[in-house]
Structure formats: C-alpha cells, structure tokens
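Overview (structure and organization)
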Amino acid sequence: MQDQHKKLIVGLIVSISVGIGIAWAGAQWVKQHPEDYTTSASLLPKGGDFALDTATGAIHLSDFKDKVVVLYFGYTACPDVCPTSMATIKQAFNQLTPEQLQQVQGLLVSIDPERDTLDQVNRYAQYFHPNIRGASAQPDELVKITRQYDAFFSKVPMPNSALVYMMDHTSSIYVIDKLGKVRSLIEHAVPPVELADAIRALL
C-alpha cells in the first residue's frame, strides 16, 4: 500500500512538472510570435459597434477606431472575479510603453446599472488605471450588447446577504483591434503578459 502511495505521489509530481514545462514553452512561443497571438476567428463573437452611457456623455465603440480596445463586462460590487480581471488589465497596461498606451483604451461596462451609477463605475475603473473608462447602459441595451459579444449576465438573489443579490457574468476580457473587430478572448486569471502580448500584436 505504501509503494502504491509513493507511486501516486511521484506520478502527480511528474504530471505537474510536465504541465509547468508545457505552460512555460507556450509562454516563450507567444513572446517570440506576438503577431500570431490572436484567437481563431471561428471562436470569436461577431461583436460590433455599440452605444454606452458615461459620466461625461454617450460614447460608441467607433469613437476609438484608432485604438485597440480592451473591453470587460463587470460591476463594482463583484467580490472576486472583477477585481482580478481589472488587476490583470492594469498590470498588462503597465507593461506597455507610453507610446503604446496612447493607442489603447480600456472599457469597463457595468452590467449592474441598478446599483452602479455612472460616476461610481468610472471611479472604480480609474482606480485601476487612468486608461480605463467606466460605462453602462439601460438593461435592454446591455442585453443587446452582451449578445453581440456572446457574453451573458444575470441577477442571482442572495436573501441572507447584505448585498441582496450578485451578478453572474462572463469573465473574459475582449481585445478589439483598431477596426472594431474582436481579435482575442483572454481569460481573467491569466498572467498579465498574455494580455499585453495580445494588445501589442494589434498595435
């Protein structure tokens, strides 16, 4: 029984080591081939232009046609996923040069307009990085926009919590090129260098 236990532990260690090796090799390939760092078109949402409300007026995706747009759907009361995603965007932006950063615009779209005022979501976005703007829209418009991007959100009641409810939502980060096309989907918990490389590939 002890021999079997030892073999199990050794096998687990070997599997972890192999996994780390593959992940490292993949990261090195991305660094050497940034121009290829885009998601297959067949896996990407249609996307497209949209209108959003901000604390300073209405904006459209097309307003940023000369920039790479990093788009995220979230909300300010989110306890874990949103702060992680926003921190990933912040750290990716911090890896860009000032010249590169001038060509990039971050957008945080609140899917909780019931609680998030436009001022509040913008302050939250700006807390992470000045190149991220906070925005939102009426619920019907948010449904339309998220469908364009194959995203979702829904209210989850929490009767025994002070929050009353939480929002279940897509956690992917969308990287949109200067022509307004979605080119990459980045998971919220990946190393920021992956997002930074995806952005650089489109500059």
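The structure under discussion appears in the preceding block.
In this report, we go over the structure that sits alongside the text. (Residues numbered from 1 in each chain as written. Predicted model: local features only at pLDDT ≥ 70, side-chain atom pairs only at ≥ 80, totals over all residues. Heavy atoms only, no water.)

**Some words on the overall build of the protein**
In terms of regular secondary structure, the protein is built from 6 helices and 9 strands. For the protein, with 203 residues in total, the buried portion stands at 40%. Within the protein, contacts between residues separated by at least 24 positions form 71% of all contacts whose residues are at least 6 apart in sequence. Surface accessibility of the protein: about 11,200 Å² in total, with carbon and sulfur atoms responsible for 58%. (Helix = DSSP H or I, 4+ residues; strand = E, 2+ residues; numbered from the N terminus. Buried < 20%, exposed > 50% of the residue type's maximum accessible area, 1.4 Å probe, protein only. Contact = heavy atoms within 4.5 Å. Areas by Shrake-Rupley, 256 points an atom, 1.4 Å probe, with all protein chains shown as cover.)

**A closer look at helix α5 (residues 139-148)**
All of the buried residues along α5 are Leu142, Ile145, Thr146 and Gln148. Buried residues of α5 fall within an arc of 150° about the axis and therefore sit on the same side. Exposed and oriented more than 90 degrees from the buried face of α5 are Asp140, Lys144 and Arg147. If you follow the buried residues of α5, they end up packed against β1 (51-54), β3 (68-74), β4 (104-110) and β6 (153-158). Remark: aspartate 150 follows α5 within two positions and exhibits a positive phi of approximately 50°. (Arc of directions from axis to C-beta.)

**A closer look at the side chain of aspartate 116**
For aspartate 116, the position within the fold is in the loop between β4 and α4 (118-128). There is a polar contact of 2.6 Å between the side chain of aspartate 116 and the side chain of serine 110. Excluding anything up to four places from it in sequence, aspartate 116 contacts Tyr75, Thr76, Ser110 and Val121. (Polar contact = N/O pair within 3.5 Å; in protein donor to acceptor, adjacent residues only side chain to side chain.)

**Points about the environment of threonine 56**
Residue position: threonine 56 is located in the loop between β1 and β2 (57-60). C-alpha separation for the pair threonine 56 and aspartate 119, spaced 63 residues apart in sequence, amounts to 8.9 Å.

**Concerning the packing of helix α2 (residues 81-94) against helix α6 (residues 192-200)**
For the pair α2 and α6, interaxial distance at closest approach is 8 Å and the crossing angle is 60°. Of the possible angle classes, the one that applies to α2 and α6 is oblique. Seen along the crossing, α2 lies across α6 with a hand that is right-handed. Where α2 approaches α6, its residues Thr88, Ile89, Gln91, Ala92 and Phe93 are matched on the opposing element by Pro192, Leu195, Ala196 and Ile199. Classifying every residue of the contact of α2 with α6 gives 7 nonpolar, 2 polar and no charged. (Axes fitted to C-alpha atoms, helices over the stretch in contact; angles between N-to-C directions. Parallel < 35°, antiparallel > 145°, perpendicular 65-115°, else oblique. Left-handed = near helix turned anticlockwise from the far one by under 90°. Nonpolar A, V, L, I, M, F, W, Y, C, P; charged D, E, K, R; others polar.)

**Some thoughts on the pairing of β6**
Pairing between β6 and strand β7 (residues 164-169): 6 bridges, direction antiparallel. Its bridge partner being in β7, phenylalanine 153 is matched across the sheet by histidine 169. What sits between β6 and β7 in their antiparallel hairpin is a turn of 5 residues. (Pairing = 2+ DSSP bridges.)

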